[in-house]
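A structural walkthrough
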Amino acid sequence: KMSNGSSLTEFLLLAFADTRELQLLHFSLFLGIYLAALLGNSLIITAVACDHRLHTPMYFFLFNLSLLDLGSISTTVPKSMANSLWNTRAISYLGCAAQVFLVAFLFGGEFSFLTVMAYDRFVAICRPLHYGTLMGSRACVKLAAAAWASGFLTAILHTANTFSMPLCQGNTVDQFFCEVPQILKLSCSDSYLREVGVTVVIACLTFGCFIFIVVSYVQIFTAVLRIPSEQGQHKAFSLCLPHLAVVSLFVITVMVAYLKPPSISSSALDLVVAVLYSVVPPAVNPLIYSMRNKELRDAL
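Residues numbered from 1 in each chain as written. Predicted model: local features only at pLDDT ≥ 70, side-chain atom pairs only at ≥ 80, totals over all residues. Heavy atoms only, no water.

1. Some points on the overall build of the protein
- Scanning the protein for helices and strands turns up eleven helices and two strands.
- Along the protein, helices (α) and strands (β) appear in the sequence β-α-α-β-α-α-α-α-α-α-α-α-α when read from the amino end.
- Scaling as 2.2 N^0.38, a compact globule of 300 residues should have a C-alpha radius of gyration of about 19 Å, and the protein matches this with 21 Å.
- Here the C-alpha coordinates of the protein stretch approximately 70 × 40 × 35 Å along the principal axes.
- For the protein, buried positions account for 46% of its 300 residues.
- In the protein, the share of contacts with a sequence separation of at least 24, taken over all contacts with a separation of at least 6, comes to 77%.
- As presented, the protein carries roughly 14,600 Å² of accessible surface, and 70% of it is formed by carbon and sulfur atoms.
- For the protein, the distance from the average site of its 17 positive side-chain charges to the average site of its 15 negative ones is 8 Å. (Helix = DSSP H or I, 4+ residues; strand = E, 2+ residues; numbered from the N terminus. Rg over C-alpha atoms; globule rule 2.2 N^0.38 Å. Buried < 20%, exposed > 50% of the residue type's maximum accessible area, 1.4 Å probe, protein only. Contact = heavy atoms within 4.5 Å. Areas by Shrake-Rupley, 256 points an atom, 1.4 Å probe, with all protein chains shown as cover. Lys, Arg positive; Asp, Glu negative; His and termini not counted. Charge placed at Lys NZ, Arg CZ, Asp CG, Glu CD.)

Take a look at the structure:
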């Protein structure tokens with residue numbers, strides 16, 4: 001039994017499998033997903049950077065989103081793969097703190113960018129005549145800076161709070177990366193309330209962004225359905241549906257992970273949900289964005 005957090009030097013992550021064959025299977029699956037995510041996001045980053053036709057607000061934000069996706073999957077998956085390969089579960093105390101910080105930073109940033117992209121779609125379709133002024137290059141840089149900053153603040157709040165708590169329930173994290181809800185389970189019960197405070201604040205902000213995205217989309221779809229030509233409608237939908245798909249996947253999985261009652265918490269369910277929100281979106285997002293998008297496909 002640990003008396004306080006200072007005596008912890010490492011945490012033990014959840015192992016995907018006990019047998020060597022299954023460990024290697026997990027390693028191979030994660031390697032495949034990781035390489036797909038690296039390839040897809042690198043292609044988008046390269047295409048947007050190199051093709052001047054893609055130097056528009058929408059692709060500028062997509063470029064940032066791909067950077068965040070690359071970062072987020074690189075924070076969680078390689079360590080888990082390495083542990084499977086070398087048949088270990090350990091992660092150092094600092095490594096764990098770094099994972100908590102980076103996951104909060106990159107996911108916070110990602111959600112902020114998804115919100116900014118909803119605003120960009122809204123202006124493009126509902127205020128087309130003002131698009132040039134509302135989404136000028138200066139405005140885009142400010143929006144992007146705000147999105148990165150909000151991720152950074154979320155991360156500092158979460159990390160400082162989580163690791164300033166005394167942990168007295170051992171050092172086994174029931175997840176394949178260091179995730180705040182799982183580390184909180186190790187904290188001494190009385191210090192739990194403070195993190196609940198931080199979680200509520202962040203949940204309110206997230207919910208605010210989510211409502212903003214929903215309201216933007218209600219207005220976008222109302223405007224699109226008023227477009228007389230079917231071709232115009234099709235073009236508008238093909239701009240918006242990929243973004244909506246990405247937002248839904250991200251929001252639903254994160255909400256299930258963080259808001260489900262502990263009573264229905266099982267290691268298997270937690271694991272599936274964590275893979276869904278931390279591993280699947282970075283690998284799938286490039287596909288979703290490039291599938292319906294002719295400009296991006298031409299650039300690639």
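Read on, since the account is not over.
2. Things to note about the nonpolar core
- Ranked by internal contacts, the top residues of the largest apolar core, which has 62 residues, are Leu-62, Ile-125, Phe-176 and Ile-220.
- Taken together, the elements giving at least two residues each to this core come down to helix 1 (20–50), helix 2 (57–85), helix 3 (93–126), helix 5 (137–163), helix 7 (192–226), helix 8 (230–259), helix 9 (267–278) and helix 10 (280–291).
- No other element matches the 15 residues that helix 3 contributes to this core.
- Ile-125 has contacts with Ile-220, Ala-223, Val-224, Ala-236 and Cys-240, leaving out every residue within four places of it along the chain.
- If you look at the next biggest cluster of nonpolar residues, it comprises 16 residues, including Leu-8, Cys-96, Val-100 and Cys-178. (Core = buried A, V, L, I, M, F, W, Y, C linked by side-chain atoms within 4.5 Å.)

3. Observations regarding the environment of Val-251
- Tracing the chain through its elements places Val-251 in helix 8.
- The spatial distance from the C-alpha of Val-251 to the C-alpha of Tyr-277 is 8.3 Å, given a sequence separation of 26 residues.

4. What about a nonpolar patch on the surface?
- A cluster of nonpolar side chains, contributed by Leu-22, Leu-25 and Leu-29, occupies part of the molecular surface with about 290 Å² of accessible area.
- Here Leu-22 lies in helix 1.
- We classify Leu-22 as partly exposed; its relative accessible area is 44%. (Patch = residues over 30% accessible without salt bridge, like charges linked within 9 Å, V, L, I, M, F, W, Y side chains within 5 Å. Salt bridge = Lys/Arg side-chain N within 4 Å of Asp/Glu carboxyl O.)

5. Brief notes about helix 5
- Under the 1.5 Å per step criterion, the end-to-end length of helix 5 is 39 Å for 27 residues, consistent within 8% with the ideal 39 Å.
- All of the buried residues along helix 5 are Cys-140, Ala-144, Ala-147, Gly-151, Thr-154, Ala-155, His-158, Thr-159, Asn-161, Thr-162 and Phe-163. (Expected span 1.5 Å × (residues − 1).)

6. Quick look at the side chain of Ser-80
- Its location among the elements puts Ser-80 in helix 2.
- Of the polar contacts made by the side chain of Ser-80, one reaches the side chain of His-26; its length is 3.4 Å.
- Not counting chain neighbours up to four residues away, the residues in contact with Ser-80 comprise Phe-16, His-26, Phe-30 and Phe-176. (Polar contact = N/O pair within 3.5 Å; in protein donor to acceptor, adjacent residues only side chain to side chain.)

7. Brief notes about helix 2
- Under the 1.5 Å per step criterion, the end-to-end length of helix 2 is 42 Å for 29 residues, consistent within 8% with the ideal 42 Å.
- At Ser-74, helix 2 shows its strongest bend, of approximately 35°, with the proline Pro-78 following within four residues.
- Summarising burial for helix 2: 21 of the 29 residues are buried, a large majority.
- Asn-87 occupies a position one or two residues after helix 2 and carries a positive phi of about 55°. (Bend = angle between axes of the 7 residues up to and from the residue.)

8. As for the pattern of salt bridges
- Enumeration over the complete set of coordinates arrives at four salt bridges.
- In this structure, Arg-53 and Asp-51 form a salt bridge, with 2.8 Å as the shortest nitrogen-oxygen distance.
- Judged by its relative accessible area of 11%, Asp-51 falls in the buried class.
- Between Lys-294 and Asp-298 there is a salt bridge whose closest N-O contact spans 3.0 Å. Of this pair, Lys-294 and Asp-298 both sit in helix 11 (residues 294–299), separated by four residues, roughly a single helical turn.

9. As for the packing of helix 8 against helix 10
- At their nearest, the axes of helix 8 and helix 10 sit 9 Å apart, and the two run at 170° to each other. When the axes of helix 8 and helix 10 are compared, the pair comes out roughly antiparallel. Of the residues in helix 10, those touching helix 8 at Pro-242, His-243, Ala-245, Val-246 and Leu-249 are Val-280, Pro-281, Asn-285, Ile-288 and Tyr-289.
- A breakdown of the residues in the contact of helix 8 with helix 10 according to their chemical character gives eight nonpolar, two polar and no charged. (Axes fitted to C-alpha atoms, helices over the stretch in contact; angles between N-to-C directions. Parallel < 35°, antiparallel > 145°, perpendicular 65-115°, else oblique. Nonpolar A, V, L, I, M, F, W, Y, C, P; charged D, E, K, R; others polar.)

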